[in-house]
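Single-letter residue listing:
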Amino acid sequence: MVLDVSSWYFIKLFHPFAWLEIGAGAMMAACFAFMWVTTMYQMWFHNPPEAILERLGGDVPASVGE
């Protein structure tokens, strides 16, 4: 965060630094998109691990893993 905010001031001193800031923002957006897609896939489409399905009194119905 400190580097991100300080880069705004570096851009005032050295204008071509803006391209680095744009690239960093694009990279951060790509990383966020990857993490979000992975999380949504694991929550909605991936089966729970076998240990979760076998535990007694769990919160996952037995029919989910079948």
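The preceding data block contains the structure.
For clarity, every value in this text was computed on a predicted model and none was experimentally measured. (Residues numbered from 1 in each chain as written. Predicted model: local features only at pLDDT ≥ 70, side-chain atom pairs only at ≥ 80, totals over all residues. Heavy atoms only, no water.)

**Some thoughts on the packing of aromatic side chains**
Line of reasoning, step 1. The full count for this structure, using the stated rule, is two aromatic pairs.
Line of reasoning, step 2. On the basis of an interplanar angle of 35° and a centroid distance of 6.2 Å, the ring pair of Tyr-41 and Phe-45 is categorised as tilted.
Line of reasoning, step 3. For Phe-45, a relative accessible area of 63% puts it in the exposed group. (Phe/Tyr/Trp six-rings, centres within 6.5 Å; stacked < 30°, edge-to-face > 60°. Buried < 20%, exposed > 50% of the residue type's maximum accessible area, 1.4 Å probe, protein only.)

**Remarks on the side chain of Glu-21**
Line of reasoning, step 1. One can find Glu-21 in helix H2 (residues 17–44).
Line of reasoning, step 2. There is no salt bridge for the buried Glu-21, and the closest opposite charge comes from Lys-12, which lies 13 Å off by N-O distance. (Helix = DSSP H or I, 4+ residues; strand = E, 2+ residues; numbered from the N terminus. Lys, Arg positive; Asp, Glu negative; His and termini not counted. Salt bridge = Lys/Arg side-chain N within 4 Å of Asp/Glu carboxyl O.)

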